[in-house]
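Observations on chain architecture
Residue-level listing of the chains:
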Amino acid sequence: MNIATKVLERATESRTSKNAPKGESHTGGGLLTGAEIFIRSLEAEGVEIVFGYPGGAVIGIYDTMHRLNPTFKHVLVRHEQGGTHAAEGYAKSTGKVGTVLVTSGPGATNCVTGIADAYMDSIPIVVFTGQVPTKLIGNDAFQECDTIGVTRSITKHSFLVRDVNDLAATIKKAYYIARTGRPGPVVVDLPKDVLMATAPFHYPASIAIRGYSFAQKGNKNQLQIASDMIRASKKPLFYVGGGAIIADAAEVLTRVARRINAPVTTTLHGLGAFPENDSLSVGMLGMHGTWYANKAVQNTDLLIAVGARFDDRVTGKIEAWAPHAKIIHIDIDPACISKNVPADCPILGDVKLVLEQLEPLVEPKDTSEWLKQIDVWKAECPMSFKSDGKLRPQEIIRALRDKTGGHATVVTDVGQNQMWGAQFFTYVHPRTHITSGGLGTMGFSLPAAMGVAFGQKPGGLPVISINGDGGVLMNIQELGVAAAHKLPLKVVILNNSYLGMVRQWQELFHEERYSHTDLTPTNPDFVKLAEAFNCVGLRCERPEDIQSTIDAAWEVTDRPVVMDFKVIMEEKVFPMVPSGATTDEMITASAEDIN
Amino acid sequence: MNTQTHFAQPTVVAKQTLTPQQIFRKQVAGESLHPGVSDSVHRHVLTVLVENTLDALNRVANLFSQRGFNLESVSMGEAKDPSLRRMTIVTIGNDRIIAQVIRQLNNLIDTIEVEDVTLHDHVERELCLVQVRCSALERPVLISVVDIFRATVVNITPDSLTFEVTGPPAKINAFIGMMRDYDVLEVARSGRVAMRRELAFEH
C-alpha cells in the first residue's frame, strides 16, 4: 500500500466526526496533508457551500476535494469577483459565513472588489487564497501577489499560514473573527508547500484570541440615561441601519418602536428591519430617502440610531443634519460611535441584547401629535411616479412587489435601479433586501442573488435580481453558473440604455453634458444573451405588458429568467438631496415638474 | 490581561471639543459658543501593545494611512512578554480624532492594549546619534558643550566626533540645535518611547 492510499484511508476514517460541526475533530494521531486538513476543517466548521475557482496554487485542494467528496458543496463560479459576491449574498441572506476559495495572484486580486465590498457592508466572508510556496515568496514567482498586503486595509483581519501545524486553528480563528462582533471579511493565504506538508489534524472546539473581544450587553447607566431621554422626548425617531439586521434584532426593535410609538426610518441596509407596511414606518432616509423620512429627521428631538453609522449618503451636509436632535447611538463597534456625528448617549453593545435590555425600561408613550405631523408630510409628498403610457421603472418594481406580496428576497445592483428597488418594493422581512451599499459595486446583484439562491432551503422565497443595463454586464458570466445549477432567479434589467445614475447627475448638475454614459452602441440583445446562457429571455417595452412578462417569468422554475424592460431614459430618482447639500434642500419629483 | 480597554464605554463627548455640527446646532438654538472653546489640536503619545509579528506592525502603520490619521513618529521594540511588542506612537489631532485613533487601534485584532499616556503622568525618552565634523583643535570646545547635555562620545576619528544623547524630545531638539553651529554630518533619532509612571503600581 502506498502512502497516498494510507493517508486517504485515515482521512476517510476521520469522517466519522464530520457530522458534528463546530465540535472537536481528531484523526487519532494520523497525519493529513494541508489540503486534507483544509477540507476537514471546513467540514468541522459546518461550511455548507464554497464558491471557488481552481488554479496552480490550490490545485492540491481541488484534487483532495475530488478524492474525499466533502460534505460541503463546491460551486465553480466563472470569475473570482462573482464568487466573492455570491458568498456575500449567501452570508447576508442566511446570517452564516460565506466561503470563497481561489488561487494565488490574479485569483486573489480578482477577489479584491468583493472583499472591499464585504468590508464596507460588514459581511462575514472568509476568502482562502492560494499562494506560491513559502520559499518563493518575494521572488516574483509566477502568479505571485502579496495578497495580505493588497487586502490589508479592506479586511477585518488576515492570516498567512506558514506552518501546516497552524492551519486548522487558523481556519477556526478566521471563521470566528469573520462572524463575531462587527462582522467582516477575513483572508487566509495558503502557500502551496503548506498545503502539501503533513500534520496531525485537530480542529479546536473553541478558540481564544487575546487581542480580540467585542461588546455584548449595554452599560446599565447608559441604558438608564437613554430611557430617560426617550421619556423626555416629544418627537422620537428610530434611525435603523444594517446592524439591526446583522444582529437579528428586527423583532425586538419592532416591539420597542411600537411600545413607545416612535416612527422608524431605515437606511438602505436597514430595509426589512422594520416592516414598511406598518403605520410607524416612514421608509428610507438619506439622499434618495422619502420626503417624509427626511422631514422627520430634520424635526425630531431624539434620534435613536440602531446599528447605523451616519454615512454621508444618509446625512448629506452633516452640520445641518438633524439639527434639533439629541442622539442615542447603539452600536457594537466603538469606532463607529461619535465618528461622524457626536452621540449624546452612546451605548456600546450587541444591538439585539441592548434593545432587549431597553425594552422593560421604556414606557408606552403618547406621540400622537408627532405622528399626526408625519402623516401630514406623508400626504404632502408621497412616493409616486407618473403613469402616462411610458414604461417607467418604478411601475415594474411595484408590479414585482404586488406579484410577491413583498415576500421575496430582492438583490439590487448599484445606481438608479438600486434606489427604485429600495423605494418602491415594500420590505417586510429582515434579510430580504440585499445590496452593495457601502462600496457601491456595480455587478454585485447577479452573483449575489445566485449566492442567496444557493443558501435557500427548498421552497424558499423567490429571489429577484434587479439590475441596470450597465451593471448586469459586469458579472453576466455568472448567469451560466445559475443556469447550470437550475436556480430559478428572476433577473430584472431596467434597461434605459444609459448609465442612469451618472446620467441623472449629468442632467441635474452638469448641464446635460452626457459624457460617456450612452450604452446604446455597446449593449447586447439581452434576450439573446440570456438564451445563449441557457436561460429564458423575455422583453417588455410597454407598461401594459409588465404584468404578463412577470407572470411568464414566474412560470419558469428550472432556470433563470432574464426580463429586459426597455424603460425610458429620462426617468430620474426622486426625492434627492444633492451631494453635499443639506437635507432641507431636498429636490422632489413634483418640484422638478414645476421647473 | 487587562482587556478592559476594549469594553470601555465611550463617555459623552468631551464638552471642550465642539464638532462643526455642534457649533451649528448651538448657533441654531441661539446658545453662545463659550469663548476660547475651539477644536484645538494636540500632540498625543500612545503606547500600543501588539502581537510580535511583522503583520501587526504593518496593520498599525497601515491604519494611519487608511484612515488619514497623522503619524509623527513610531518606534517598536520588545515588551516584557517576548510574544508581544510595545509600540510608541506620536500622533496629532483634536480630542475627537484621537478618540477615533484609539478606538480604531483597539479594533485591530493584533492589538492587546492601547493607552494614551499623554493623559497621565508619564516618561518620554528618545535616543539620538549625531555625527559632527570636528578637528583636533575644536574637540575640547565641542566636548564642553555636549557635556552640558550629558551626551557621550561613541566614536571618534581625526576629523569627526559621534555623540549619543538620551532624553525627552525637547532636550534632543535643543542638543541638535546647539550642534547646528558645527558641521553636522548625520543625525539619527530613535523616535519616542514612553511609559506611564504609575504603570507598576496599578495591578
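Note that the structure is predicted; figures quoted are calculated from it, not measured. (Residues numbered from 1 in each chain as written. Chains lettered and ligands numbered in written order. Predicted model: local features only at pLDDT ≥ 70, side-chain atom pairs only at ≥ 80, totals over all residues. Heavy atoms only, no water.)

Things to note about the overall build of chain B
Secondary structure summary: chain B contains 6 helices and 9 strands in total. Residues classed as buried in chain B amount to 39% of the 203 residues present. Within chain B, residue pairs in contact and separated by at least 24 positions form 72% of the contacts whose partners lie at least 6 positions apart. Counting every atom, chain B has about 10900 Å² of accessible surface; 56% of that belongs to carbon and sulfur. (Helix = DSSP H or I, 4+ residues; strand = E, 2+ residues; numbered from the N terminus. Buried < 20%, exposed > 50% of the residue type's maximum accessible area, 1.4 Å probe, protein only. Contact = heavy atoms within 4.5 Å. Areas by Shrake-Rupley, 256 points an atom, 1.4 Å probe, with all protein chains shown as cover.)

Topic: the nonpolar core
Residue and element names in this part refer to chain A. Ranked by internal contacts, the top residues of the largest apolar core, which has 61 residues, are Trp321 and Phe565. Per element, the largest residue contribution to this core is 5 residues, and it comes from helix α13 (residues 291-299). For this core, the two domains that each supply at least three residues are domain 2 (220-380) and domain 3 (393-574). Core analysis: the next-biggest nonpolar cluster, separate from the first, contains 45 residues, Ile49, Val100, Ala448 and Ala483 among them. (Core = buried A, V, L, I, M, F, W, Y, C linked by side-chain atoms within 4.5 Å. Domains from an automatic or database assignment.)

Examining the side chain of A:Asn294
All names here are of chain A. With respect to the helices and strands, Asn294 occurs in helix α13. For Asn294, a relative accessible area of 1% gives the class buried. Those residues in contact with Asn294 that sit more than four places away from it in its chain are Leu285, Gly286, Gly289, Val577, Thr583 and Met586.

Observations concerning the confidence of the model for chain B
Residue and element names in this part refer to chain B. Per-residue confidence for chain B averages 83 on the pLDDT scale, and 78% of its residues sit at or above 70. Mean pLDDT per element in chain B: helix α1 (residues 4-7) is the minimum at 39, and strand β7 (residues 160-167) is the maximum at 96. Across residues 1-16, where pLDDT falls below 50, the model places 39 contacts with residues more than four positions away in sequence or in other chains. (pLDDT = per-residue confidence, 0-100.)

Details of the domain arrangement of chain A
Residue and element names in this part refer to chain A. Assigned domains of chain A: these are domain 1 (3-203), domain 2 (220-380) and domain 3 (393-574). A separation of 32 Å is found between the C-alpha centroids of domain 1 and domain 3. Of the residues lining the interface, 26 residues belong to domain 1; the matching set on domain 3 comes to 25 residues. In total, domain 1 and domain 3 occlude about 1800 Å² of area from one another, counting both sides; carbon and sulfur atoms represent 64% of this. Among the residues domain 1 hides against domain 3, the three largest losses belong to His85, Lys92 and Ser93. Together they make up 24% of the total. Inspection of the domain 1/domain 3 interface yields 0 salt bridges. For the pair domain 1 and domain 3, the number of links is 7 residue pairs in polar contact (both at pLDDT 80 or more). (Buried area = accessible area lost by both parts, 1.4 Å probe. Salt bridge = Lys/Arg side-chain N within 4 Å of Asp/Glu carboxyl O. Polar contact = N/O pair within 3.5 Å; in protein donor to acceptor, adjacent residues only side chain to side chain.)

Concerning the pairing of strand β3 (residues 84-93) of chain B
All names here are of chain B. The buried count for β3 comes to 7 of 10 residues, which makes it a mostly enclosed element. For strand β1 (residues 42-51) and β3, the ladder comprises 10 bridges, and the chain directions are antiparallel. Within β3, the residue paired with Leu49 across the bridge is Arg86. Following strand β2 (residues 73-78), the chain reverses through 5 residues before pairing antiparallel with β3. (Pairing = 2+ DSSP bridges.)

Brief notes about the packing of aromatic side chains
The geometry of two aromatic rings is summed up by the distance between their centres and the angle between their planes. Considering all chains together, one arrives at 17 aromatic pairs over all chains under this definition. Considering the side-chain rings of A:Phe310 and A:Trp321, the 5.7 Å spacing of their centres and the 90 degrees angle between planes classify their relative orientation as edge-to-face. Within this pair, whereas A:Phe310 is found in the loop between β12 (302-306) and α14 (312-315), its partner A:Trp321 is found in the loop between α14 and β13 (326-331), the two being separated by 11 residues in sequence. Note on B:Phe149 and B:Phe175: the rings are 5.2 Å apart at their centroids and 75 degrees apart in plane angle, and the pair reads as edge-to-face. Placement of B:Phe149 in the loop between α5 (139-148) and β6 (152-157) and of B:Phe175 in helix α6 (residues 169-179) is noted, with a sequence separation of 26 residues between them. (Phe/Tyr/Trp six-rings, centres within 6.5 Å; stacked < 30°, edge-to-face > 60°.)

Considerations on the packing of helix α17 (residues 393-404) of chain A against helix α18 (residues 416-424) of chain A
Residues and elements named next belong to chain A. Running from N to C, α17 and α18 cross one another at 45 degrees; their axes reach a closest spacing of 9 Å. Here α17 is positioned oblique relative to α18, judged by the angle of their axes. As α17 packs across α18, the resulting crossing turns out to be right-handed. Note on element contacts: α18 touches α17 through Trp420, Gly421, Gln423 and Phe424, opposite Pro393, Gln394, Ile397, Arg398 and Arg401. Tallied by class, residues from the contact of α17 with α18 come to 4 nonpolar, 3 polar and 2 charged. (Axes fitted to C-alpha atoms, helices over the stretch in contact; angles between N-to-C directions. Parallel < 35°, antiparallel > 145°, perpendicular 65-115°, else oblique. Left-handed = near helix turned anticlockwise from the far one by under 90°. Nonpolar A, V, L, I, M, F, W, Y, C, P; charged D, E, K, R; others polar.)

Brief notes about the pairing of strand β14 (residues 345-348) of chain A
All names here are of chain A. Across the two faces of β14 the burial is the same, with Cys345 and Ile347 and Pro346 and Leu348 all buried. Direction of pairing for β13 relative to β14: parallel, over a ladder of 4 bridges. Each bridged residue has a counterpart across the sheet, and for Ile328 the counterpart in β14 is Cys345.

Some words on the pattern of salt bridges
In the structure shown here, the tally under the stated rule is 37 salt bridges over all chains. A salt bridge links A:Arg542 to A:Glu544, with the nearest nitrogen and oxygen atoms 3.5 Å apart. Among the charged side chains, a salt-bridge network with shared partners connects B:Arg43, B:Glu72, B:Glu124 and B:Arg192.

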